[in-house]
Amino acid sequence: MAEDHMRYDILAQEALRGVVRKVLSEVAKTGLPGEHHFFISFLTRAPGVRLSEKLLGQYDKEMTIVVQNQYWDLKVNETAFEVGLSFDGIPETLVIPFAAIKGFFDPSVQFGLQFDPATAPGSEALEARADDAVEAEAAAPEGGDEKPGEKVVSLDAFRKKP
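Residues numbered from 1 in each chain as written. Predicted model: local features only at pLDDT ≥ 70, side-chain atom pairs only at ≥ 80, totals over all residues. Heavy atoms only, no water.

> What is the right way to read the overall build of the chain from this model?
Regarding its fold elements, the chain presents three helices and seven strands. Secondary structure elements in the chain, listed N-terminal to C-terminal, are α-β-α-β-β-β-β-β-β-α. Counting only residues that meet the buried cut, the chain has 34% of its 162 residues in that class. Taking the intrachain contacts of the chain between residues at least 6 apart in sequence as the baseline, contacts between residues at least 24 apart amount to 58%. When the accessible surface of the chain is summed, it comes to about 10000 Å², and 54% of that surface belongs to carbon and sulfur atoms. (Helix = DSSP H or I, 4+ residues; strand = E, 2+ residues; numbered from the N terminus. Buried < 20%, exposed > 50% of the residue type's maximum accessible area, 1.4 Å probe, protein only. Contact = heavy atoms within 4.5 Å. Areas by Shrake-Rupley, 256 points an atom, 1.4 Å probe, with all protein chains shown as cover.)

> I keep staring at the nonpolar core and nothing clicks. Help me out?
Burial of nonpolar side chains together is a common tendency in soluble globular proteins. Ranked by internal contacts, the top residues of the largest apolar core, which has 28 residues, are Ile40, Phe42, Met63, Ile65, Phe81 and Leu94. Going through the elements one at a time, helix H1 (8–30), strand S1 (38–43), strand S2 (62–67), strand S3 (71–76), strand S4 (80–87), strand S5 (90–97) and strand S6 (101–106) are the ones with two or more residues in this core. The contacts of phenylalanine 42, once residues within four sequence positions are left out, are Val49, Leu51, Lys61, Glu62, Met63, Ile65, Leu94, Ile96, Ala100, Ile101 and Lys102. (Core = buried A, V, L, I, M, F, W, Y, C linked by side-chain atoms within 4.5 Å.)

> Would you mind going over the packing of aromatic side chains with me for this structure?
Remark: the centre distance and the inter-plane angle together describe each pair of aromatic rings, the angle taken between the planes. The final tally for this structure, using the stated rule, is two aromatic pairs. When the ring centre of phenylalanine 98 is taken as reference, the NZ or CZ atom of arginine 21 above it lies at 5.0 Å. (Phe/Tyr/Trp six-rings, centres within 6.5 Å; stacked < 30°, edge-to-face > 60°. Lys NZ or Arg CZ within 6 Å of the ring centre and 35° of its normal.)

> When you look at the sheet that holds S2 in this model, what are you seeing that I'm missing?
Paired through their backbone hydrogen bonds, the strands of a sheet run either parallel or antiparallel. Strand order in the open sheet made by the four strands is S2-S1-S6-S7, with antiparallel pairing throughout. At either end of the open sheet lies a strand with only one pairing partner, and these are S2 and strand S7 (111–114). Across the sheet, the mean angle from the axis of one strand to that of its neighbour is 10°, orientation sign disregarded. In the sheet, S6 pairs with S7 via four bridges, with the strands oriented antiparallel. Within the sheet, the bridge partner assigned to phenylalanine 105 lies in S7 and is glycine 112. (Pairing = 2+ DSSP bridges. Axes fitted to C-alpha atoms, helices over the stretch in contact; angles between N-to-C directions.)

> Help me out: how do you make sense of the pairing of S3 in this one?
Looking down a regular strand, the side chains alternate between one sheet face and the other. Here S3 runs beside S4; their pairing, made up of four bridges, is antiparallel. Considered in S4, the bridge of lysine 75 is made with glutamate 82. The turn joining S3 and S4, which pair antiparallel and follow one another in sequence, is formed by three residues.

> What exactly am I supposed to notice about H1 here?
At 3.6 residues per turn, the α-helix brings residues three or four places apart onto the same side. The terminal C-alpha atoms of H1, which comprises 23 residues, lie 33 Å apart, in line with the 33 Å expected from a rise of 1.5 Å per residue. The complete set of buried residues in H1 reads Gln13, Arg17, Val20, Arg21, Leu24, Ser25 and Val27. Structurally, H1 contributes buried residues whose contacts are with S1, S3, S4, S6 and S7. Looking one or two places after H1, you find glycine 31, whose phi comes out positive at around 85°. (Expected span 1.5 Å × (residues − 1).)

> In this structure, what is going on with the sheet that holds S4? I would like to understand it.
One open sheet accounts for three strands, arranged S3-S4-S5; its pairing is antiparallel. In this open sheet, the two edge strands, each paired with only one partner strand, are S3 and S5. Across this sheet, the average inter-strand angle for adjacent strands is 15°, counted without regard to direction. On top of the sheet, H1 reaches S3 and S4; it is set at about 125° to S3, its chief contact.

> Sorry, what's going on with the side chain of threonine 64 here?
Mapped onto the elements of the fold, threonine 64 is located in strand S2. In terms of polar contacts, threonine 64 uses its side chain to reach the side chain of serine 41, at 2.7 Å. (Polar contact = N/O pair within 3.5 Å; in protein donor to acceptor, adjacent residues only side chain to side chain.)

The analysis is restricted to geometry; functional conclusions fall outside its scope.
What follows is the structure in structure tokens.
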């Protein structure tokens, strides 16, 4: 097979990130229509991600947020979005670059997208941070590597079965 010099995989991922950007931009302007709501998974240590030290301690690698009933100040630009959410009754503002997103799912219509953050612009920095995390994990003592309260939602659980 011929080598893909066009990098269609990267182009397709970027186009699909544009879908997420467009959807969030519309919601920022008009609110969530009907029963729509979103599960958004992202890498917490990706470049440009901003969240509190407390959340970073709980979700060291990946986190899934839900944009549904209780969110505020949703702002979207070309490279990232910002949203206010409450965690254990404490308001937090998160900044999430589109390049850090691993998954986007709207269960109201069974629509989901999965992303490979390594194909995003600036993925070299993502790969370097991932390598650092792997090295740190290898150096960590064995035993329960799951932190208390850490929960990762698999989007597969929400997909329709064929």
